[in-house]
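Examining the three-dimensional arrangement
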Amino acid sequence: MESLDPVLLARLQFAANVTFHFIFPALTIALGWVLLFFKLAYAHTGKLYWMENYFFYTKIFALSFALGVVSGITMSFQFGTNWPRFMETVGNVAGPLLAYEVLTAFFLEATFLGVMLFGFRKVPDKLHTIATLLVALGTTLSAFWILVLNSWMHTPVGFEMLPTGLNGAWQAHPTDWLAIVFNPSMPYRMAHTLLASGITAAFVVAGLAAYRWLRDDRSQAVRAALKTGVTLAAVLLPLQILVGHAHGVNTLEYQPAKIAAMEANWNTQARAPLVVFAHPNEATRTNDYALEIPGLASWFVTGSVNGVVPGLNDYVGNHPPVSPVFWGFRLMVGMGLLMLAASWVGAYWLWCRKDGQPPRWLAQGLLLMFGSGWVATLSGWYVTEVGRQPWLVSGVLRTADAVGPVHADTIALTLAGYLITYALLLVAYFSTLFYLARHAKDAKTPTLPSWSYHQPKKA
């Protein structure tokens, strides 16, 4: 195993951990707000089926939150085991940002999650609603601080590099925390990620409701969940397209090599074609079997068919691997368009038809789209992170320079252990989600506490 590249293995191990971990925040960030919507809908209408949805999807939230916490701890260990030079070089920036996430977000979530899960019959409704709000706010704050750090790694500003006096090493020192927090790519990355989470949650909510519908659970709760998920996706997807385009324009300014890899554009040129499909050949630095639309890449990237798109040949030795970025971007866009079509068709049937009943083919389609948000989000995440290579912190720290002195066989062994464990956990996780959906109809109607909003008034 010594012939294996320890840098590649360390990257694969971290990618496996991030992939597994990100599945859960990608859902819970937005699902917390969906739960708040269910609770407020119940408070406004007094319809008990909103609370049935609240209780059902709270179970999904709790399970996902727990797995997200555990996998996040495992992931953080790798900073010390596989990537010690990352913290040695930029720890003065990364350390405080990670600490802010724990102090302002995780403690908030952990404190009020217990009230949200177990306090419905023990505290007043308004306090329980506030707890739900604070949990949702905590998940969003957590995403904020993590995305601040991740965005700073892509577009680092507000610091200076100073010598440490040890073996010629240099270390980042913050000079402007406001610039670090609101670095050039952070607003775009934050909006893009929050919308992606909302779309992911929308299709999970709609997919599980469609599964219950196909199993002849035609309750009002199922219909309400279907409408909620489909409507949320139909609203957020057009916004995501606009934000994604703005993010791309920002990336063109600060990470042009990533844009070149996304478009498989080898030579800087005006009227650059959109490469619909191709095999990017890095050996010959050409595209094999290419299907192109003239001028469209320039129009998408710059807003003009005469706009100049950067080429990979301007960044030889400093651009990411092309094929993963090229195909990852197309998978994300293709899945996004498919979700847009599914949500709009679903919204039409559920809102515009007189009976509001989804046909069987629509329910089957929404069930098939259950995990589409995860597919699009993870493929987009790969485009972002692989597209940053060969840098771990753009222009500051190369990925190969951040790896610690760990033997390849050790990394390979632990990587295999992670992959097996994660595969088993994912099977258990998704099996549990559908188990809960199958038995949701058998769950008892929630009993309202004496101080509920909508108790019948005494004569």
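The text that follows walks through the structure, step by step, so that each part is easy to find. Predicted model only: the values in this text are computed from it and were never measured.

**Regarding the pattern of salt bridges**
All chains considered together, the criterion is met by four salt bridges. With its nearest N and O atoms 3.8 Å apart, the salt bridge here joins E263 to R330. You can see E263 sitting in the loop between helix 9 (256-262) and strand 3 (269-270) and its partner R330 sitting in helix 11 (residues 322-352), a full 67 residues away along the chain. Exposure remark for E263: the relative accessible area of 6% places this residue in the buried category.

**Some thoughts on the packing of helix 8 (residues 220-254) against helix 11**
Between helix 8 and helix 11, the least distance of the axes is 8 Å, while the angle of their chain directions is 135 degrees. Taken together, the axis directions place helix 8 and helix 11 in an arrangement best described as oblique. In the packing of helix 8 onto helix 11, the handedness of the crossing is left-handed. Residue-level contacts link L226, K227, V230, T231, A233, A234, L237, P238 and I241 of helix 8 to G336, M339, L340, S343, W344, G346, A347, L350 and W351 of helix 11. Residues belonging to the contact of helix 8 with helix 11 are distributed by class as follows: 13 nonpolar, four polar and one charged.

**Comments concerning the layout of surface pockets**
Of the voids in this model, the largest pocket is the one considered here, and its volume is about 1,500 Å³. In terms of lining residues, the largest pocket is bounded by 48 residues, among which F14, V18, H21, M75 and I146 are the most central. Counting residues per element, the ones that place at least two in the lining of the largest pocket are helix 1 (6-23), helix 2 (25-45), helix 3 (48-81), helix 4 (84-118), helix 5 (125-154) and helix 13 (372-386). For the lining of the largest pocket, the per-class residue count stands at 30 nonpolar, 13 polar and five charged.

**Let's talk about the side chain of S379**
Within the secondary structure, S379 is located in helix 13. Once residues lying within four places of it in the same chain are set aside, the contact partners of S379 are G328, L331 and M332.

**Structural notes on the packing of helix 7 (residues 186-214) against helix 15 (residues 408-438)**
At a minimum axis distance of 9 Å, the contact between helix 7 and helix 15 shows a crossing angle of 50 degrees. As judged from the angle between their axes, helix 7 and helix 15 are oblique. Pair helix 7 / helix 15 crosses with right-handed handedness. Listed contacts from helix 15 to L208, Y211 and R212 of helix 7 are L433, F434, A437 and R438. When grouped by side-chain class, the residues that make up the contact of helix 7 with helix 15 number five nonpolar, no polar and two charged.

**Describing the pairing of strand 4 (residues 274-281)**
Successive side chains on a regular strand alternate, one facing one side of the sheet and the next facing the other. Relative to strand 5 (residues 286-293), strand 4 is paired through six bridges, and the arrangement is antiparallel. Paired with V275 across the bridge in strand 5 is E292. Hairpin connection from strand 4 to strand 5: four residues lie between these consecutive antiparallel strands, with R285 at a positive phi of about 55 degrees.

**Considering unusual backbone geometry**
That bond from Q389 to P390 is cis: its omega, 10 degrees, falls within 30 degrees of zero. Inspection of the secondary structure puts P390 in the loop between helix 13 and strand 7 (391-393). At D216, a residue that is not glycine, the phi angle is positive and equals roughly 65 degrees. Inspection of the secondary structure puts D216 in the loop between helix 7 and helix 8. Phi is positive for R285, close to 55 degrees, though the residue is something other than glycine. Relative to the helices and strands, R285 is located in the loop between strand 4 and strand 5.

**Points about a nonpolar patch on the surface**
Taken together, the side chains of W33, L133 and L137 make up a nonpolar region of the molecular surface, amounting to roughly 240 Å² of accessible area. With respect to the secondary-structure elements, L137 resides in helix 5.

**Considerations on the packing of aromatic side chains**
Considering all chains together, one arrives at 30 aromatic pairs under this definition. On the numbers, 5.1 Å between centres and 80 degrees between planes, the contact of F20 with F24 is edge-to-face. Its relative accessible area of 0% is what places F24 among the buried residues. With a centroid separation of 5.7 Å and 75 degrees between ring planes, the pair formed by F370 and W374 is classed as edge-to-face. Of the two residues examined, F370 and W374, each falls in the buried class. One aromatic cluster is present, built from ring pairs that chain together F20, F24, Y211, F370, W374, Y418, Y422, Y429, F430 and F434. In this structure, K39 is placed above the aromatic ring of Y54, and the distance from its NZ or CZ to the ring centre is 6.0 Å. Lying across the ring of F56, R212 places its NZ or CZ 5.0 Å from the centre.

Rules used in this analysis
Residues numbered from 1 in each chain as written. Predicted model: local features only at pLDDT ≥ 70, side-chain atom pairs only at ≥ 80, totals over all residues. Heavy atoms only, no water. Salt bridge = Lys/Arg side-chain N within 4 Å of Asp/Glu carboxyl O. Helix = DSSP H or I, 4+ residues; strand = E, 2+ residues; numbered from the N terminus. Buried < 20%, exposed > 50% of the residue type's maximum accessible area, 1.4 Å probe, protein only. Axes fitted to C-alpha atoms, helices over the stretch in contact; angles between N-to-C directions. Parallel < 35°, antiparallel > 145°, perpendicular 65-115°, else oblique. Left-handed = near helix turned anticlockwise from the far one by under 90°. Contact = heavy atoms within 4.5 Å. Nonpolar A, V, L, I, M, F, W, Y, C, P; charged D, E, K, R; others polar. 1 Å grid on protein atoms, 1.4 Å probe; cavity = no way out; pocket = protein on both sides within 12 Å on 5 of 7 lines; lining within 4 Å. Points joined across faces, edges and corners; volume = space filled by probe spheres on them. Pairing = 2+ DSSP bridges. Patch = residues over 30% accessible without salt bridge, like charges linked within 9 Å, V, L, I, M, F, W, Y side chains within 5 Å. Areas by Shrake-Rupley, 256 points an atom, 1.4 Å probe, with all protein chains shown as cover. Phe/Tyr/Trp six-rings, centres within 6.5 Å; stacked < 30°, edge-to-face > 60°. Lys NZ or Arg CZ within 6 Å of the ring centre and 35° of its normal.

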